[in-house]
Amino acid sequence: MSERKTVLQLTGVCKRFKGVFAVNHVDLNVQEGEIHALLGENGAGKSTLIKVMTGVYSADSGRIELCGTAVSPQSPLDAQRHGISTVYQEVNLLPNLSVAHNLYLGREPRRFGCIQWRRLQKDAQALLRQFDLNIDVSESLSSYSIAIQQLVAIARAVDCSAKVLILDEPTASLDAKEVVVLFRILRSLRDKGVAILFVTHFLDQVYDLTDRITVLRNGEKVGTFNTAELPRPQLVAHMLGKELQSIEAEKTASRSDDTANTTLQVERLSTSQGLRDINFRAQAGDAVGLAGLLGSGRSEVCAALFGLAPLTEGQLSLRGNHYRPKSPADAIACGIALCPEDRKIEGIVHPLSVRENMILALQAKRGWWRPLPRHEQNQLAADATARLRIVCSDPEKPIGELSGGNQQKVILARWLMTHPNVLVLDEPTRGIDIGAHAEILQLIRQLCAEGMTLIVASSEIEELVAFSNKILVLRDKQLHTVIEADAISENAVLAAIAGSN
Ligand SMILES: Nc1ncnc2c1ncn2[C@@H]1O[C@H](COP(=O)(O)OP(=O)(O)OP(=O)(O)O)[C@@H](O)[C@H]1O
Ligand SMILES: [Mg+2]
């Protein structure tokens, strides 16, 4: 492997924000025909390093060489001209333009200076077919789910990629099936000699796909390793700087299904988003998992409970009272909170600080005419930062200055502060590193033990099995199977998701 040609070489790269090193003297070499994982905890400096090599930020010092020649890309487009294409952690396409136009933005097929729209659409369709994606490419990008938007961003990067392809958490919103397709495409690019740098928090994917691993910790490089020679516990130890304490896989205790204790009852629920005839019941202390493929209706159930999608049929009740939320404000007032799937759009309020982002929902619940005293806000922010182990030196920082995973924890903190009776989490561990992942699973168990009801939608079956005492498997926006208590296992959930009946 070491005889391979180095395509991208970084030497002594540094990037500071307000004097603090986000990336500290990092060396990295990515070779032709390899898939190289860039790993580290939330805030380790992965995205910053990528942004330095692709011209989003300029390095404070250090050298970037592409095939032996020093380069300093001035913008992502400039990097692309050099042969480096990137999918950033946050999808940065133009939501109002069509899917087809996004795929060829800045490189539209032209004839006599005019864009050839018909050809653009045909090419777009053919490109997406490689990803098993048969969608109407003339529709605006925003009309599709985040997963599809992510696939479009990946397809664009793959199609542009000449020498180096960089993917920052590309699989965060994808389902198993789409990941398989993506990996097939990445492997074929690798075989063609493309150098691929891949950031992920899913260690299974690292071992499945990559040839070498570089680990960052606190902005510094820990080392580069051959994947096949680095056992998983050692990898985790390199990332965390300590051994990961094994979390006991103790499930939330199952309870007898006692109607009197029911916190949330869902009967024949159908919604404008296509859900049909969903029935289930959850008690205080229950963790109800929502499983199913992308598009099966997981997120739609979350949206309906939070007043984001009008009911067309059926009824909900909360602690025995009729519940028909017309808006999130209704839901919050009734003690339901939702931590949404797409935090970039629905969650983060950019001009505001970390503290202000955290107290937002609690303040809304109290009413804006009753502002929380500042010292209480400070205390709440400090407690949440400690409880969720958020890496943030100053709660007065703009939230945009936190790493992606830490921003997610801030949103989780926001909803926990409202002390809801029912907390709905849509993909709670997406983008969260392995250390924090374990902490969030533990937190879910702890909240259940405190009597909260949790409804958790996730594409991570292993994670659902770890904490749920009831799993609802959805298919085609309908409830397909309910798996409870001792019957819960990964195999049982997989069989229900994939089964033919
Ligand atoms: N624009 C910015 N301004 C100030 N600080 C920043 C900025 N971007 C990143 N940082 C800081 O740099 C450090 C590294 O962040 P980075 O986003 O590179 O982490 P990461 O490894 O990608 O983490 P994650 O897994 O959470 O995405 C963090 O401490 C973060 O707060
Ligand atoms: Mg990142």
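Residues numbered from 1 in each chain as written. Chains lettered and ligands numbered in written order. Predicted model: local features only at pLDDT ≥ 70, side-chain atom pairs only at ≥ 80, totals over all residues.

### Focus: the overall build of the protein chain
Part 1 of the argument: Along the backbone of the protein chain there are 17 helices and 22 strands.
Part 2 of the argument: Its C-alpha radius of gyration of 23 Å places the protein chain within 12% of the 23 Å reference for a compact globule of 501 residues.
Part 3 of the argument: The dimensions of the protein chain, computed from C-alpha atoms along their principal axes, are 70 × 55 × 50 Å.
Part 4 of the argument: Taken over 501 residues, the protein chain has a buried fraction of 43%.
Part 5 of the argument: Of the contacts made within the protein chain by residues no fewer than 6 positions apart, 69% connect residues no fewer than 24 positions apart. (Helix = DSSP H or I, 4+ residues; strand = E, 2+ residues; numbered from the N terminus. Rg over C-alpha atoms; globule rule 2.2 N^0.38 Å. Buried ≥ 20, exposed ≤ 12 C-beta atoms within 10 Å, placed from the backbone. Contact = placed C-beta atoms within 7 Å.)

### Looking at the sheet that holds strand β5 (residues 69-70)
Part 1 of the argument: Taking strand neighbours across the sheet as the criterion, the four strands line up as β2-β1-β4-β5 in an open arrangement whose pairing is antiparallel. Two strands in the sheet have a free side with no partner beyond their single neighbour: β2 (20-31) and β5.
Part 2 of the argument: Sheet analysis places strand β1 (residues 6-17) next to strand β4 (residues 61-66), joined by five bridges and oriented antiparallel. Bridge pairing in β4 links cysteine 14 to serine 61. (Pairing = 2+ DSSP bridges.)

### Some thoughts on the environment of glycine 43
Part 1 of the argument: Residue placement: glycine 43 occurs in the loop between β3 (35-39) and α1 (46-53).
Part 2 of the argument: With 23 C-beta atoms counted inside 10 Å, the residue glycine 43 sits in the buried group.
Part 3 of the argument: Distance in space between the C-alpha atoms of glycine 43 and glycine 241 is 14 Å, their sequence separation being 198 residues.
Part 4 of the argument: The contacts of glycine 43, once residues within four sequence positions are left out, are Val391, Ser403 and Asn406.

### As for the site of ligand 1
Part 1 of the argument: Of all residues adjacent to ligand 1, which total 19 residues, the nearest are Ala22, Asn42, Ser47, Ser403 and Gly405.
Part 2 of the argument: Secondary structure elements with two or more residues in the shell around ligand 1: α1 and α14 (404-416).
Part 3 of the argument: Of the residues contributing to the shell around ligand 1, the split by class is five nonpolar, eleven polar and three charged.
Part 4 of the argument: Counting the residues that make up the shell around ligand 1, at least three belong to each of domain 1 (6-240) and domain 3 (346-419). (Near = placed C-beta within 6 Å. Nonpolar A, V, L, I, M, F, W, Y, C, P; charged D, E, K, R; others polar. Domains from an automatic or database assignment.)

### As for the nonpolar core
Part 1 of the argument: Among the nonpolar cores identified, the biggest contains 66 residues, and Val424, Leu454 and Ile455 are the most heavily contacted of them.
Part 2 of the argument: Ranked by residue count, the leading element in this core is α14, at six residues.
Part 3 of the argument: For this core, the two domains that each supply at least three residues are domain 2 (247-335 + 421-434 + 448-501) and domain 3 (346-419).
Part 4 of the argument: In contact with leucine 454, not counting residues within four places along its chain, are Ala287, Val288, Leu423, Leu425, Ile444, Leu447 and Cys448. (Core = buried A, V, L, I, M, F, W, Y, C linked by C-beta atoms within 7 Å.)

### Describing the pairing of strand β13 (residues 262-271)
Part 1 of the argument: Pairing of β13 with strand β14 (residues 278-283), which is carried by five bridges, proceeds in the antiparallel orientation. Following the sheet pairing, threonine 262 is matched in β14 by glutamine 283.
Part 2 of the argument: Where β13 hands over to β14, the hairpin turn is made up of six residues, of which glycine 274 adopts a positive phi near 100°.
Part 3 of the argument: Across six bridges, the pairing between β13 and strand β16 (residues 311-318) is antiparallel. Looking at the pairing, glutamate 267 lines up with glutamine 315 of β16.

### Some words on the packing of helix α5 (residues 146-160) against helix α6 (residues 176-191)
Part 1 of the argument: Orientation of α5 relative to α6, taken along the N-to-C sense of each, is 5°, at an axis distance of 12 Å. The angle between α5 and α6 falls in the class roughly parallel. On the side of α5, the interface is formed by Ala147, Leu151, Ile154 and Val158, while α6 contributes Glu178, Leu182, Ile185 and Leu189.
Part 2 of the argument: In terms of residue class, the contact of α5 with α6 is made up of seven nonpolar, no polar and one charged. (Axes fitted to C-alpha atoms, helices over the stretch in contact; angles between N-to-C directions. Parallel < 35°, antiparallel > 145°, perpendicular 65-115°, else oblique.)

### Here's the deal with the environment of lysine 326
Part 1 of the argument: Its place among the elements puts lysine 326 in the loop between β17 (321-323) and α10 (328-333).
Part 2 of the argument: Under the C-beta neighbour-count criterion, lysine 326 is labelled exposed, with 10 such atoms within 10 Å.
Part 3 of the argument: The spatial distance from the C-alpha of lysine 326 to the C-alpha of glutamate 356 is 26 Å, given a sequence separation of 30 residues.

### Observations concerning the sheet that holds strand β10 (residues 195-199)
Part 1 of the argument: The sheet built from six strands is open, its strands ordered β6-β9-β10-β3-β11-β12 with mixed pairing. Only two strands of the sheet have a single partner each, and these edge strands are β6 (84-87) and β12 (220-226). When the angles between neighbouring strand axes are averaged without regard to direction, this sheet yields 15°.
Part 2 of the argument: Inspection of the sheet shows β3 paired to strand β11 (residues 212-217) by four bridges, in the parallel sense.

### Digging into the pairing of β11
Part 1 of the argument: Among the six residues of β11, five are classified as buried, and the element is accordingly described as predominantly covered.
Part 2 of the argument: As judged from the six bridges shared by β11 and β12, these two strands associate in the antiparallel manner. Each bridged residue has a counterpart across the sheet, and for leucine 216 the counterpart in β12 is lysine 221.
Part 3 of the argument: Between β11 and the antiparallel strand that follows it, β12, lie two residues; asparagine 218 among them carries a positive phi value of about 50°.

### Some words on helix α9 (residues 298-305)
Part 1 of the argument: For α9, the buried fraction is high: eight of the eight residues fall into the buried class.
Part 2 of the argument: Every buried residue belonging to α9 is among Arg298, Ser299, Glu300, Val301, Cys302, Ala303, Ala304 and Leu305, and all of these are buried.
Part 3 of the argument: Note on α9: the residue one or two positions beyond its end, glycine 307, has a positive phi of about 75°.

### Describing the domain arrangement of the protein chain
Part 1 of the argument: Here the protein chain is described as being made up of domain 1 (6-240), domain 2 (247-335 + 421-434 + 448-501) and domain 3 (346-419).
Part 2 of the argument: For domain 1 versus domain 2, the separation of C-alpha centres amounts to 34 Å.
Part 3 of the argument: Between domain 1 and domain 2, the residue contacts involve twelve residues of the former and eight residues of the latter.
Part 4 of the argument: By residue class, the composition of the side of domain 1 that touches domain 2 is five nonpolar, three polar and four charged.

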